[in-house]
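The residues making up each chain are set out below.
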There are 2 protein chains.
Amino acid sequence: MTISEVSEKYGMTQDTLRYYERVGLIPIVPRKPSGVRDYDESSCGWVEFIRCMRNAGLPIETLIEYVHLCQEGPKTNEARKHLLIEERQRLVERIAAMQATLVRLNCKIEHYESMNKVADKLKKSASMIS
Amino acid sequence: MTISEVSEKYGMTQDTLRYYERVGLIPIVPRKPSGVRDYDESSCGWVEFIRCMRNAGLPIETLIEYVHLCQEGPKTNEARKHLLIEERQRLVERIAAMQATLVRLNCKIEHYESMNKVADKLKKSASMIS
DNA sequence: TATTGACTTTGAGTTAACACAAAGTAGTAA
DNA sequence: TTACTACTTTGTGTTAACTCAAAGTCAATA
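**Notes on the pattern of salt bridges**
Close approach of charged atoms allows side chains of opposite charge to pair.
And step 1. Counted by the stated rule, this structure contains 12 salt bridges over all chains.
And step 2. In this structure, B:Glu113 engages A:Lys81 in a salt bridge whose closest nitrogen and oxygen atoms are separated by 3.9 Å. Linking B:Glu113 in helix α5 (residues 77-129) with A:Lys81 in helix α5 (residues 77-129), this pair reaches from one chain into another.
And step 3. With a closest N to O distance of 3.7 Å, B:Glu78 and B:Lys81 form a salt bridge. With B:Glu78 and B:Lys81 both in helix α5, this residue pair falls 3 residues apart, about one helical turn.
And step 4. Since its relative accessible area comes to 9%, B:Lys81 is described here as buried.
And step 5. Each member of the salt-bridge network shares a partner with another, and the members are A:Glu21, A:Arg31 and A:Arg37.

Right under this line is the structure:
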């Protein structure tokens, strides 16, 4: 697959794909003899994985470390697991914080809606008088 | 309350507090005759609210707009509500994405743990032979 | 009274995460 | 053969959200 196809498929710009590769967020993508990137299944898998993790807010630095570990073979399995467990912890905390915020937003929105109702009632009473 | 007390209380730097006020993320904080900030209950409430929203990832631009609306009186109630509803929608989506990522992380971690078990079993068999 | 320390404003600097521009190359179509 | 298009690398620019520095002010304390 060409970079434009991958860009299309995963909804990321070509610049971002090259940037991710440059900084080590995904392993080096294989090239055609001409030097043009030719994404294989593995490359696409990485792109999709990193997109997912980035969407969830995992920091680039940590992901770069993970990718490095993956490229060093099975001896780094423990280290990778620890890294993932730590990130999971942080993710769980972020989700909890966001859910608390969601509850709060709901309260505020309901508050505004109840104000509307009060306003409606006032209007009704007014129209009944007039 | 002084800025240092507020900074302490909410775990934000004084610089961030001043920055938030400068860009309109919180309303202007009342001052002592000397010009020093003197946070009252309302100011503290705003600081806490904004911290919460920022932690959940709501963009500063949107929050600035919300604060502006709040300062324009009750005629902006509808607009505020709409703004909050939109942000709630985006928040719900972010939470969903993060939960999907969490599931994925769990899978990966379990994968690494099952690999450990296999390794353990191999070790055990080896020790039984020797 | 002099100094100290916490505050003030204004403006510039920093960091993460891209986004863009320039200059060059490979492959294809006319 | 020329023109065109999609790619390449290298390096610079941008944006959000702070963060720091400089120079000055005020109140309290030695």
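And the narrative resumes.
**Observations regarding the interface of chain A and chain B**
Where interface size is quoted, it is often the accessible area lost as the parts come together.
And step 1. Contacts between the two partners involve 32 residues from chain A, matched on the other side by 32 residues from chain B.
And step 2. With both chains or domains summed, chain A and chain B bury close to 3300 Å², and 70% of this area falls on carbon and sulfur atoms.
And step 3. Scanning the region where chain A abuts chain B turns up 4 salt bridges.
And step 4. Applying the counting criterion to the chain A and chain B interface returns 8 residue pairs in polar contact (both at pLDDT 80 or more).

**Regarding the protein's contact with DNA strand C**
And step 1. Residues in contact with DNA strand C amount to 19 residues; listed here are only the nearest, A:Thr16, A:Tyr20, B:Ser4, B:Arg31 and B:Arg37.
And step 2. Put simply, 76% of the atoms of DNA strand C that lie within 4 Å of the protein are in sugar or phosphate.
And step 3. Side-chain polar atom of A:Thr13 to a phosphate oxygen of DNA strand C: 3.3 Å apart, as the coordinates give it.
And step 4. One of the side-chain N or O atoms of B:Arg31 is found 2.8 Å from a phosphate oxygen in DNA strand C.
And step 5. If you list the elements that add at least two residues to the surface near DNA strand C, you get α2 (14-23) of chain A together with α1 (3-10) and α2 (14-23) of chain B.
And step 6. Top element by residues in the surface near DNA strand C is α2(A). It accounts for 5 residues.
And step 7. Per-class residue counts for the surface near DNA strand C are 5 nonpolar, 7 polar and 7 charged.

What counts, and at which threshold
What you see as residue numbers is a count from 1 along each chain, following the sequence as written. In the order they appear in the text, chains get letters beginning with A and ligands get numbers beginning with 1. Local features in this predicted model are restricted to residues whose pLDDT is 70 or higher, and side-chain atom pairs enter the listing and the counts only when it is 80 or higher, whereas totals over whole chains, interfaces and linings include all residues. Excluded from the side-chain calculations are hydrogens and water; all other atoms, namely the structure's heavy atoms, are used. Salt bridges, as used here, are contacts in which a Lys or Arg side-chain nitrogen is within 4 Å of a carboxyl oxygen on Asp or Glu. Strands here mean DSSP runs of E at least two residues long; helices mean DSSP runs of H or I at least four residues long; both are numbered from the N terminus. The cut-offs for exposure are 20% and 50% of the maximum accessible area for each residue type, with area from a 1.4 Å probe on protein chains only; residues under the lower value are buried, those over the upper are exposed, and the others partly exposed. Here, two residues are considered to be in contact whenever any of their heavy atoms come within 4.5 Å of each other. Note: buried area is the sum, over both parts, of the accessible area (probe 1.4 Å) each one loses when the two are combined. Polar contacts, as counted here, are pairs of nitrogen or oxygen atoms within 3.5 Å of one another; within protein the pair requires one atom able to donate a hydrogen and one able to accept it, and residues that are adjacent in sequence qualify only if both atoms are side-chain atoms. Residue proximity to a molecule or strand is established when one non-hydrogen atom of the residue lies within 4 Å of it. Each residue is assigned to one class: nonpolar for Ala, Val, Leu, Ile, Met, Phe, Trp, Tyr, Cys and Pro, charged for Asp, Glu, Lys and Arg, and polar for all the others, Gly among them.

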